[in-house]
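Per-entry structural report
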Amino acid sequence: MSKITTRFTLAELAQHIGAELVGNPQHEISSLATLQAATQNDLSFIANPAYKKHLSSTQAGAVICAPDLAEAIAGNKLIVANPYLCYAQLTALFNSPVSSVGVHESAVVGKNCVLGKDVWIQPNAVIGDNVNLGDGVVIGAGAVVGTNSSIGARTRLYANVTVYHDISIGEDCIFHSGCVIGADGFGFAPASTGWMKIHQLGSVVIGNNVEIGANTTIDRGALDNTFIDDGVIIDNLVQIGHNVRLGKNTAIAAHTAIAGSTTIGDNCTIAGAVAIAGHVTLADRVHITGMSMVSNSISEAGSYSSGVPLGPTKEWRKNAARFRQLDSLATRIIKLARKAPEDE
Amino acid sequence: MSKITTRFTLAELAQHIGAELVGNPQHEISSLATLQAATQNDLSFIANPAYKKHLSSTQAGAVICAPDLAEAIAGNKLIVANPYLCYAQLTALFNSPVSSVGVHESAVVGKNCVLGKDVWIQPNAVIGDNVNLGDGVVIGAGAVVGTNSSIGARTRLYANVTVYHDISIGEDCIFHSGCVIGADGFGFAPASTGWMKIHQLGSVVIGNNVEIGANTTIDRGALDNTFIDDGVIIDNLVQIGHNVRLGKNTAIAAHTAIAGSTTIGDNCTIAGAVAIAGHVTLADRVHITGMSMVSNSISEAGSYSSGVPLGPTKEWRKNAARFRQLDSLATRIIKLARKAPEDE
Amino acid sequence: MSKITTRFTLAELAQHIGAELVGNPQHEISSLATLQAATQNDLSFIANPAYKKHLSSTQAGAVICAPDLAEAIAGNKLIVANPYLCYAQLTALFNSPVSSVGVHESAVVGKNCVLGKDVWIQPNAVIGDNVNLGDGVVIGAGAVVGTNSSIGARTRLYANVTVYHDISIGEDCIFHSGCVIGADGFGFAPASTGWMKIHQLGSVVIGNNVEIGANTTIDRGALDNTFIDDGVIIDNLVQIGHNVRLGKNTAIAAHTAIAGSTTIGDNCTIAGAVAIAGHVTLADRVHITGMSMVSNSISEAGSYSSGVPLGPTKEWRKNAARFRQLDSLATRIIKLARKAPEDE
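Residues numbered from 1 in each chain as written. Chains lettered and ligands numbered in written order. Predicted model: local features only at pLDDT ≥ 70, side-chain atom pairs only at ≥ 80, totals over all residues. Heavy atoms only, no water.

Assigned secondary structure in chain A consists of four helices and 40 strands. The globule rule puts the C-alpha radius of gyration for 344 residues at 20 Å, and the 26 Å found for chain A is more than 25% above it. Each of the three principal axes of chain A carries a C-alpha extent, and together these read 80 × 65 × 35 Å. By residue count, 58% of the 344 residues in chain A fall in the buried class. Of all intrachain contacts in chain A linking residues separated by at least 6 positions in sequence, the fraction that spans at least 24 positions is 18%. Just so you have it, chain A exposes about 13,400 Å², and 50% of that area is on carbon and sulfur atoms. With 23 positive and 28 negative side-chain charges, chain A shows a separation of 13 Å between the mean positions of the two kinds. (Helix = DSSP H or I, 4+ residues; strand = E, 2+ residues; numbered from the N terminus. Rg over C-alpha atoms; globule rule 2.2 N^0.38 Å. Buried < 20%, exposed > 50% of the residue type's maximum accessible area, 1.4 Å probe, protein only. Contact = heavy atoms within 4.5 Å. Areas by Shrake-Rupley, 256 points an atom, 1.4 Å probe, with all protein chains shown as cover. Lys, Arg positive; Asp, Glu negative; His and termini not counted. Charge placed at Lys NZ, Arg CZ, Asp CG, Glu CD.)

This is the structure:
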């Protein structure tokens, strides 16, 4: 499993992230590592004060730090205003994905497709008719892109992604394996004989710089389109119902479900395992904590939560049983309080 | 991205859905749209009174409505008893999926398979040995059907669906991309050395007119079969455990999990993100609201719920902390009430 | 759908599981079945006392039972200390998966791969460059294994599994269809222009005897690896975030989500639809009941729960509304109690 490793001097790295270098400019770095795991060949960083305790023992070849922590580091250091952001920037430098161009002979490309420059279509991928792929697009092994869909420049679909027909995807996006874009929304009308399918005639429109996690599903719209704006990031196993609209730079963690026709504003963060009802609207900069149930619209920015805390099962059972009496208990308290008026 | 569009006159559409037409019978319609988005070429509908406000401004070429709303519509109208159902019916008319027949040269079909008339097997699909595909079956690109499985007439598997071995699927079903039918149920016996696998010897039997959402998983039974009855509709990312039985026309929304050996009656609706314990039974016509936890059997039809409402995180924290004291608080109330007997 | 069936005498089966046989040693058994469904050709078992009621009416050719239930069985019986474990053991005997060896001509295998003895690569599977597959490895139809990954002997990937690059998987594992191993963890740094991607430079390391359910996702680490120890069993649609560590023989049921950098001990059982926050630690032998929200570390073995019980929607609404007043109600109770001091 030999990999090509690129080496950079601390001087080069300091220049790349605009850091003040204190230490040996010729020291060579071949990768990034945590403070605990780093060796002399690794560059590390400190962004979270909880990790300060590792500064004295780290073997890192250098540490990226904010000015206030520089003194605590004995070895080479790269001093910057925002160490976490610089670390993010450097992960791109040390990331060396396999890259190639061309259409593998086992891939199947339909009629009337337009393929940009340097497109790479991996083995056994299937591209339908009338598909547009921008320059530098990568279609992973076994991925399928449906008829009439278009994918913007430099967007990458990993292996076994499925994009249905008539879908529009922007530039510089990343779609992880197993995600499904454009399956039918869950639309059925009750009829005397059972459910009558409402064929989903809308599509999905996805902006630029969007990342979609593994096995996430984004349904096509019923009549209008489902819409994901620029800069949205979505984790794994997330469900986005038909006609949902997600605003710019909104982030959604794993296992969250958003029901149909809901609109979420810009710069929201939705934590993991949240469920959001259909036909509601969330304002910009709304933050929902993990496993919350969102049943109504939220018109003001801020942090919102629901759920009950974990406890030993034996204690929890007693408390949970009382939940069912909560309304009658509350009524009793109010009556008691009426008789014994509170004096402060 | 040119699509063939079919045009219908209002007279034709009125006849198709049995509507009373008020307006110009020769007006031509090329698609369906919401009241807000519709142009003169579009047919719209009103089923939800909340959308009445859009009736005065809609540019729709015609609107499907119930008799009581007919007066509110100035333009062409199609008057019917159930506008939503007629809209559903028309989506089939305006849906123009790509359609073809034949086995693509890149697909792999095993030995002793029986393929009905007009079967369409798309590129890179894989069909195991001894598989039966009924007339008009569509197997999407990259989909896999295991040995000895059978799929009824007109059923469609979208791209990258996986059906394991020995599975039986009925007619007129739709399976969306990434769904997995017949993986092993989660069965293990605790042994001194760890978990011993219980090989799952049962199968999955699915009726007619069933729709399964993207990335949904339906496990095969341990000894008996997992069973999905006719007309069941299941949304995306749903888990159906081994030996579950789902009754006729039951609907299950996204992200719901049903643990093993649970039986759900006919005509139930299970909303999204619900978790249902194993080995319980739900009667017919049980409705579970979103994100509920179902731990016990339910013997009576009706609507059931659990969960706590969302609030600002700061307030929620205080309330959630009190949940842990609920039993002791309740005990105190009961004592206090005993001392100050309630007089009404 | 003819299948080859193997037949065993009760004498052979008794020997295989070390049972005391009471009855006809020459009686032949061709499969396993539940007490209710069994015929004279089937072997059944009783492990759960709730099924005792079926003992008198079962048509099973023989029943595996513990000594204390032997008297209740009139027909042939196989008496053992642990009937459930013996049933698990016998499922392997009666399981007859299709088996083969060789690389299908439609599969694509990259450069510099090392394939062990008796490897079976099914149609349209794709293996990247520099991949190691141990003896007897099975790669399902349409499955994809990324560059530089290695898979230990006898491990089976079902159809449409995706393994990313640089992943290490042990021996005797089972990966069900649609699971995705090694997609990028959800790591982004907030920048003034939106989210900056933190390229995920770590990998996933999986031990021996691990089973991963359908459509489950296990993300690669940010810098260090995500780590799954020997004997771990994971159900369907589970999310394992980057840098999570799962201890030996831990079991995780369907639809559970574990956020990044969380460590879970050995021999834990996490029920279905649980959400576990990031950066927490669970001790060995911690058991979490279904749909619990785990926000903090747990340092002691034991059973833990959260959530509120289901009720009729009408009643639930009243109780849920009171949850929002819980803190103020509690304050009132405390005040009232202060005025009316409790005398015991």
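All right, on to the interface of chain A and chain B then. With 76 residues of chain A in contact, the opposing surface of chain B contributes 75 residues. Considering only the surface of chain A that becomes buried against chain B, F186, L223 and M293 of chain A emerge as the three largest contributors, covering 11% of it. Linking chain A with chain B are two salt bridges, by the criterion used here. For R322 of chain A, the salt bridge identified is with D327 of chain B, shortest N-O distance 2.7 Å. At the junction of chain A and chain B, the tally comes to 25 residue pairs in polar contact (both at pLDDT 80 or more). Listing elements by their share of the side of chain A that touches chain B, those giving two or more residues are strand 22 (188-191), strand 23 (194-197), strand 38 (293-294), strand 39 (302-305), helix 3 (313-323) and helix 4 (326-339) of chain A. Split into classes, the residues belonging to the side of chain A that touches chain B amount to 40 nonpolar, 26 polar and 10 charged. Pairing analysis gives two bridges linking strand 39 of chain A to strand 40 (residues 311-312) of chain B, with the strands arranged antiparallel. Bridging from a neighbouring strand, S305 of chain A pairs with G311 of chain B of strand 40 of chain B. (Buried area = accessible area lost by both parts, 1.4 Å probe. Salt bridge = Lys/Arg side-chain N within 4 Å of Asp/Glu carboxyl O. Polar contact = N/O pair within 3.5 Å; in protein donor to acceptor, adjacent residues only side chain to side chain. Nonpolar A, V, L, I, M, F, W, Y, C, P; charged D, E, K, R; others polar. Pairing = 2+ DSSP bridges.)

Residues and elements named next belong to chain A. Using the residue numbers shown here, the UniProt feature "active site" (unreviewed entry) corresponds to H242. Structurally, the position occupied by H242 is in the loop between strand 29 (239-240) and strand 30 (245-246). The residues contacting H242, other than those within four sequence positions of it, are G185, F186, G187, Q200, D219, R220, G221, A222, T226, G260 and S261. Looking at H242, its side chain comes within polar contact range of the side chain of Q200, at 2.7 Å. (UniProt positions renumbered as here; feature names shortened; annotations may be inferred.)

Okay, the packing of helix 3 of chain A against helix 4 (residues 326-339) of chain B next. Two measures define how a pair of helices packs: the angle their axes make with one another and the distance between the axes. Where helix 3 of chain A contacts helix 4 of chain B, the two axes come as close as 7 Å, and the packing angle between them is 55 degrees. Taken together, the axes of helix 3 of chain A and helix 4 of chain B lie oblique to each other. Residue-level inspection shows K318, N319, R322 and F323 of chain A of helix 3 of chain A in contact with helix 4 of chain B, the latter providing L326, D327, A330, T331 and I334 of chain B. For the contact of helix 3 of chain A with helix 4 of chain B, the residue count by class is four nonpolar, two polar and three charged. (Axes fitted to C-alpha atoms, helices over the stretch in contact; angles between N-to-C directions. Parallel < 35°, antiparallel > 145°, perpendicular 65-115°, else oblique.)

Attention shifts here to the packing of aromatic side chains. Under the definition given, this model contains 18 aromatic pairs over all chains. With a centroid separation of 5.3 Å and 70 degrees between ring planes, the pair formed by F186 of chain B and F188 of chain B is classed as edge-to-face. Residue classification places F186 of chain B among the partly exposed residues on the basis of a relative accessible area of 24%. Under the relative-accessibility criterion, F188 of chain B is labelled buried at 10%. Through successive ring pairs, a cluster of aromatic residues spans F45, Y84 and Y87 of chain A. (Phe/Tyr/Trp six-rings, centres within 6.5 Å; stacked < 30°, edge-to-face > 60°.)

Moving on, we come to the relation of the copies chain A and chain B. Least-squares fitting of chain A to chain B yields an RMSD of 0.1 Å, with the transformation described by 0.0 Å of translation along the axis and a rotation of 120 degrees. Here the transformation between the copies is reduced to the relation of a three-fold axis. (Least-squares fit on C-alpha atoms with pLDDT ≥ 70 in both.)

A word on the interface of chain A and chain C. Each partner contributes to the interface: chain A provides 75 residues, whereas chain C provides 77 residues. Summing both partners gives a buried area of about 6,200 Å² for chain A against chain C, and 65% of it is carried by carbon and sulfur. For chain A, the biggest contributors to the area lost against chain C are M291, L310 and F323 of chain A; these three give 11% of the whole. Inspection of the chain A/chain C interface yields two salt bridges. Linking chain A with chain C are 25 residue pairs in polar contact (both at pLDDT 80 or more).

A few words now on the domain arrangement of chain A. In terms of domain boundaries, chain A breaks down into domain 1 (8-94), domain 2 (102-304) and domain 3 (313-344). Spacing between the C-alpha centres of domain 1 of chain A and domain 3 of chain A amounts to 55 Å. (Domains from an automatic or database assignment.)

A word on the sheet that holds strand 26 (residues 217-219) of chain C. All names here are of chain C. Taken together, 10 strands build an open sheet; the order of strands is 9-12-15-18-21-26-29-32-35-38 and the sheet is parallel. Of all strands in the sheet, those with a lone pairing partner are strand 9 (108-109) and strand 38 (293-294), marking the two edges. Examined bridge by bridge, strand 21 (residues 180-183) and strand 26 share three bridges and lie parallel to one another. Bridging across to strand 26, V180 finds its partner in T217.

At a minimum axis separation of 10 Å, helix 4 of chain A and helix 4 (residues 326-339) of chain C run at an interaxial angle of 45 degrees. Overall, the two elements helix 4 of chain A and helix 4 of chain C adopt an arrangement that is oblique. Here the hand of the crossing between helix 4 of chain A and helix 4 of chain C comes out left-handed. Here L326, A330, I333, I334, L336 and A337 of chain A of helix 4 of chain A come into contact with helix 4 of chain C, specifically with L326, L329, R332, I333 and L336 of chain C. Looking at the contact of helix 4 of chain A with helix 4 of chain C residue by residue, the classes come out as 10 nonpolar, no polar and one charged. (Left-handed = near helix turned anticlockwise from the far one by under 90°.)

Let us look at the sheet that holds strand 5 (residues 42-45) of chain C. Residue and element names in this part refer to chain C. The strand order across the open sheet built from five strands is 2-7-6-5-4, with neighbouring strands paired in mixed fashion. Looking at strand neighbours, the two that pair on one side only are strand 2 (20-22) and strand 4 (31-32), the edges of this open sheet. As paired elements, strand 5 and strand 6 (residues 62-65) share three bridges and run parallel to each other. By the bridge assignment for strand 6, S44 is matched with V63. Relative to strand 7 (residues 77-79), helix 1 (residues 10-17) is tilted by about 15 degrees, and along the sheet it contacts strand 2, strand 5, strand 6 and strand 7.

Before going further, it helps to spend a moment on the pairing of strand 5 (residues 42-45) of chain B. All names here are of chain B. Neither face of strand 5 is left uncovered, since the one carrying D42 and S44 and the one carrying L43 and F45 both have all their residues buried. Examined bridge by bridge, strand 4 (residues 31-32) and strand 5 share two bridges and lie parallel to one another. From the neighbouring strand, S31 faces strand 5, where its bridge partner is D42.

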